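# Structural overview
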Amino acid sequence: MDKQKFKDFEDFVPTISDSENEVPDLDGSEDETLHPETSTKTKSKKKKANNSNPNEDIHEDLNPSFRFDLDGAEVSSGFEGWNFDGDKKLETNPDVDLDGIIRRKGGLIQMAGTGDSESDGSEKESESEGELALDGFGMGADEKSSKCQSATHEGDATDSEGDESGVDEDSGVESDKQTEGQEALMTAGNGSVSDIEDDSEEAKAEFYALEEESTEAKKTVHTNFNSLSLSRPVLKGLGALNYVKPSPIQSATIPIALLGKDIIAGAVTGSGKTAAYMIPIIERLLYKPAQIASTRVIVLTPTRELAIQVSDVGAKLAKFVNGISFGLAVGGLNLRQQEQTLRSRPDIVIATPGRLIDHIRNSASFNVDSVEILVIDEADRMLEEGFQDELNEIMSLIPSKRQTLLFSATMNSKINQLISLSLKKPVKIMIDPPRQAAAKLTQEFVRVRKRDELKPALLFHLIRKLDDLSQKRVVVFVARKEVAHKLRIILGLLGMKVAELHGSLSQEQRLQAVNGFKSLQVPVLICTDLASRGLDIPKIEFVINYDMPKTYDIYLHRVGRTARAGREGRSISFVGESSQDRNVVKNAIKSAEENKKQDTVVGRMVDWAKVEEINKLTTNKDDVIAEILEEEKQEKEILRAEMEVRKGENMLKHKDEISARPRRTWFQTEGEKKNSKVIQALSKGKKTVNSKKRKRIEATEDRSRSYKKTQKDRGSDQQRTYAKQKAKKEMKKKKQARK
Ligand code: AMP
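As the structure is a prediction and not an experimental result, all values here were calculated from the model.

### Brief notes about the overall build of the protein
When you go through the protein residue by residue, the secondary structure sums to 31 helices and 18 strands. For the protein, the accessible area works out to roughly 34100 Å², and carbon and sulfur atoms hold 51% of it.

Below you can see the structure in the form of structure tokens.
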């Protein structure tokens, strides 16, 4: 490999994974297929755009032999990227065509204020330069850091108080899964590695393997995969992926995992953690082939998307290994199809906890009796987000004699939480993520002041300005899913097609959004933190914080999506007046100053008159927005009704077959699950628990625990079902004989 062509990548922020390899060819023919409607315009304008934007490095970015260094591991563009299709043969439920509705209401036809896009390059250039004020705009940066800025706005220092409560209310009351997730992330983010030190020294000594083992593992740096004594087919798989050098987490964990030891590893998505556990797993399966088909490895992930991603990484790594099979057991995808796959007892099953339990209980020929390795990916998040009951249940079902590998972005979980996962003297390996933004990231801040209602128009204005040819990927972070949905409609009415990604979408919709964004069919993705976490999304040029994150750590996670692989990137954050928002700015300035990169943190001035103009277009459309939402709701209801009818018809058609099936049993009802989450929140003293919820908990605490099936129960259940079926058949036979 031509080392000269490699680019160093010292500023890797291993927060969220990237796949640099899936970047479509923007230089050539693909433009036309991706944007047929804009292709001619695109060609004529490309040169101009390239000149006008200092961040433009499209040609260089797409150098096919480009490599970057992942703090030791080189990531190349030589493979075609992870497949996000999941199971392509899925039956998909029809979804409401929101873009269709928006189009019917006059949106998505022509971009609002098209005159704007006609502005020539020179104007754009001068405007973008002129708009940047090196002042950190007086967001209360501490004395030392504000000195490094060239100017401040009047009165900024004094009006910092007062709004804090408003913001807390804004962003704190939400009690749905998303907020819980954000809180989890927040708690996770707030805690550095040192947070685990709460456990006593004795407890740690008893629980973990000797500290020397961890130190040794980190100290022995493997500069290539050959020194890890891996087998040929695995090395071949790594070669096909252009993995040359193990990443730090891979170098430290693979040798220990190969010894069969339990591991607790601190590694974030983007650090190469998937391969860190997949490589030793494949090696171990190779070394000890199974006599009969059985599931020997379970990988648990908190989300379906991550599970699909992991399964794809595994399949690519095992490409040259004969006979290793993978299976998915994740919610949201076709149950029967998964059942069929699991019937063949794949060697490695990647699962979300709830669906795994469902399959263990209800899929006749699937079982976990032969599991030898259990991986828990994003373990902290699972423990935080109310998966505790499911994890306990899974622990009770799989053999206790096994290897357990636990990977987590942060390690806030205390030993008493980890004990339930029955690890055996785990070796603890923590790789600290850097607490600073990437070197080539320009962090811009726009002071919104009290003009919150202008934010949608501001967003539209900025996206157009940054990327009026829709050739770059822009991720917009919002605090709530409703905001994402509404923004999609507003921007749609202004002529801009954007995708949304959050927890309220169906699995198909989520995959569609991610795939559309990856292929640049829809270059703008509006998402919530939770939905976007763990996703391997390729090259992103701009990150916009439409709503400021709660903490600097979440901020780093978000902006870490851009300026990766030594590239340039830009983040723009809309800053309100709350002290929470200001704190994030303060931290960004402080960190830039500490790293002598003051000039990368800048305030962006905005032509508010223009934004006001755009806003007028949207406020005039308030009625249309309401109509769209209503129409969407009605269409959803119609689809639901149609589905019910289809279900009814199927029931009639296949009545006998359906009634002969054993009844599915559930581990927890939705209500029980909610309560369990609240109990956990209460025990941690979270403030999201309101009195209504508390009453619900008190009521359920009195009730007996939900009945959990043990393996023995499962066996006798099945026997009972078979006995019933047999008795039925005999009755039928007797009846026929009598006739
Ligand atoms: P992960 O943290 O597992 O999500 O991986 C993040 C990204 O790093 C993925 O796109 C992988 O393709 C890439 N990657 C992981 N390990 C290596 C390696 N040793 N060399 C090059 N690229 C890697």
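### Quick look at the packing of aromatic side chains
Tallied over the entire structure, the rule returns 5 aromatic pairs. Look at Tyr546 and Phe574: their rings are 5.7 Å apart centre to centre, the planes differ by 50°, and that puts the pair in the tilted class. Linking Tyr546 in the loop between strand E16 (542-545) and helix H24 (552-559) with Phe574 in strand E17 (residues 569-575), this pair joins segments that are 28 residues apart in sequence. Summarising the aromatic geometry, the rings of Tyr552 and Tyr555 are spaced 5.8 Å apart at their centres and angled 20° between planes, so their arrangement reads as stacked. Of this pair, Tyr552 and Tyr555 both sit in helix H24, 3 residues apart, roughly one helical turn. Exposure remark for Tyr552: the relative accessible area of 7% places this residue in the buried category. Grouped by ring-pair contacts, the aromatic residues Phe445, Tyr552 and Tyr555 constitute a single cluster. Above the plane of the ring of Tyr208 lies Lys428, whose end atom (NZ or CZ) is 4.7 Å from the centre. Over the face of the ring belonging to Trp608 we find Arg451, whose NZ or CZ atom lies 3.8 Å from the ring centre.

### A word on the packing of helix H21 (residues 481-493) against helix H27 (residues 622-653)
A pair of packed helices can be characterised by two numbers: the angle between their axes and the separation between those axes. With their axes 11 Å apart at the nearest point, H21 and H27 run at an angle of 120° to one another. With respect to H27, the axis of H21 lies oblique. Considering how the two elements wind past one another, H21 and H27 form a crossing that is right-handed. Counted together, His485, Lys486, Ile489, Ile490 and Leu493 of H21 and Val624, Ile625, Ile628, Leu629 and Glu632 of H27 form the full contact between these two elements. For the contact of H21 with H27, the residue count by class is 7 nonpolar, 1 polar and 2 charged.

### Here we look at the sheet that holds strand E7 (residues 326-329)
Read across the open sheet, the 7 strands follow the order E7-E8-E6-E9-E10-E5-E11; overall the sheet is parallel. Taken across any chain shown, the strands that pair with only one partner, and hence form the sheet edges, are E7 and strand E11 (427-430). Put simply, the sheet's adjacent strands are angled 15° from each other on average, direction ignored. Bridging between strand E6 (residues 297-300) and strand E8 (residues 348-351) involves 4 bridges; their strand directions are parallel. Note on E8: the bridge partner recorded for Ile298 is Val349.

### Side note on the pattern of salt bridges
Going through the model one piece at a time under the given rule, you end up with 20 salt bridges. Among the salt bridges present, the one from Glu444 reaches Arg604, with a minimum N-O distance of 2.4 Å. Residue Glu444 is found in strand E12 (residues 441-447), and its partner Arg604 is found in strand E18 (residues 601-604); the two are separated by 160 residues along the sequence. According to the relative accessible area criterion, Arg604 is buried, its value standing at 5%. Asp529 is the salt-bridge partner of Arg558, the closest N and O atoms lying 2.8 Å from each other. Residue Arg558 is located in helix H24, and its partner Asp529 is located in helix H23 (residues 529-532); the two are separated by 29 residues in the primary sequence.

### Comments concerning unusual backbone geometry
With a phi close to 50°, Ser229 is a non-glycine residue in the positive phi region. On the secondary structure map, Ser229 appears in the loop between helix H10 (211-219) and helix H11 (232-240). Exposure remark for Ser229: the relative accessible area of 61% places this residue in the exposed category. Unusually for a residue other than glycine, Asn242 sits at a positive phi of about 60°.

### With respect to helix H15 (residues 335-343)
Along H15, the positions that sit buried rather than exposed are Leu335, Gln338, Glu339 and Leu342. In a view along the axis of H15, the buried residues occupy a sector of 105°, so they form one face of it. In this structure, the buried side of H15 is in contact with E7, E8 and helix H16 (353-362). In this structure Asn334 caps H15, since a side-chain oxygen of it lies 3.0 Å from the backbone nitrogen of Arg336. Arg345, located one to two residues past H15, shows a positive phi value of around 50°.

### Description of the pairing of E17
On any regular strand, side chains alternate: one points to one face of the sheet, the next to the other face. For E17, the buried fraction is high: 7 of the 7 residues fall into the buried class. Burial along E17 is two-sided: the residues Gly569, Ser571, Ser573 and Val575 and Arg570, Ile572 and Phe574 are all buried. In this structure, E12 lies alongside E17, joined through 7 bridges in parallel fashion. Within E17, the residue paired with Phe445 across the bridge is Ser573. Across 4 bridges, the pairing between E16 and E17 is parallel. Bridge pairing links Val543 to Ser571 in E17.

### Quick word on the UniProt feature "coiled-coil region" (unreviewed entry) in the protein
Under the feature "coiled-coil region" (unreviewed entry), the UniProt entry names residues 614-651. With 95% helix and 0% strand, residues 614-651 has end C-alpha atoms that lie 52 Å from one another.

### Describing the side chain of Ser408
Along the chain, the position of Ser408 falls in strand E10 (residues 403-408). Of the polar contacts made by the side chain of Ser408, one reaches the backbone nitrogen of Asp380; its length is 3.0 Å. What Ser408 contacts, discounting residues up to four positions off in sequence, is Ala265, Gly266, Ala267, Glu378, Ala379 and Asp380.

### Regarding the nonpolar core
Formed by 49 residues in total, the largest nonpolar core has its most connected members in Tyr277, Met278, Ile279, Val299, Leu317, Ile348 and Ile350. Per element, the largest residue contribution to this core is 8 residues, and it comes from helix H13 (residues 273-287). Those residues within four positions of Leu317 in sequence are excluded, and the remaining contacts are Gly237, Leu238, Leu241, Ala275, Met278, Ile279 and Ile282. Listed in part, the 41 residues of the second largest apolar core include Val474, Ile490, Ile526 and Phe574.

### Description of the packing of H16 against helix H18 (residues 388-397)
Between H16 and H18, the shortest axis-to-axis distance is 9 Å and the interhelical angle comes to 40°. As judged from the angle between their axes, H16 and H18 are oblique. Remark: the crossing between H16 and H18 carries left-handed chirality. In contact with Pro353, Gly354, Leu356, Ile357, Ile360 and Arg361 of H16, H18 contributes Glu390, Glu393, Ile394 and Leu397.

### Notes on the environment of Leu98
Along the chain, the position of Leu98 falls in helix H4 (residues 98-104). Leu98 gets classed as buried once you look at its relative accessible area, which sits at 3%. The spacing of Leu98 and Glu631 is 533 residues in sequence and 9.1 Å in space, taken between C-alpha atoms. Every residue in contact with Leu98, bar those within four places of it in the chain, is listed here: His485, Arg488, Ile489, Glu500, Ile628 and Glu632.

Reading the values: the criteria
Residues numbered from 1 in each chain as written. Predicted model: local features only at pLDDT ≥ 70, side-chain atom pairs only at ≥ 80, totals over all residues. Heavy atoms only, no water. Helix = DSSP H or I, 4+ residues; strand = E, 2+ residues; numbered from the N terminus. Areas by Shrake-Rupley, 256 points an atom, 1.4 Å probe, with all protein chains shown as cover. Phe/Tyr/Trp six-rings, centres within 6.5 Å; stacked < 30°, edge-to-face > 60°. Buried < 20%, exposed > 50% of the residue type's maximum accessible area, 1.4 Å probe, protein only. Lys NZ or Arg CZ within 6 Å of the ring centre and 35° of its normal. Axes fitted to C-alpha atoms, helices over the stretch in contact; angles between N-to-C directions. Parallel < 35°, antiparallel > 145°, perpendicular 65-115°, else oblique. Left-handed = near helix turned anticlockwise from the far one by under 90°. Contact = heavy atoms within 4.5 Å. Nonpolar A, V, L, I, M, F, W, Y, C, P; charged D, E, K, R; others polar. Pairing = 2+ DSSP bridges. Salt bridge = Lys/Arg side-chain N within 4 Å of Asp/Glu carboxyl O. Arc of directions from axis to C-beta. Polar contact = N/O pair within 3.5 Å; in protein donor to acceptor, adjacent residues only side chain to side chain. UniProt positions renumbered as here; feature names shortened; annotations may be inferred. Core = buried A, V, L, I, M, F, W, Y, C linked by side-chain atoms within 4.5 Å.

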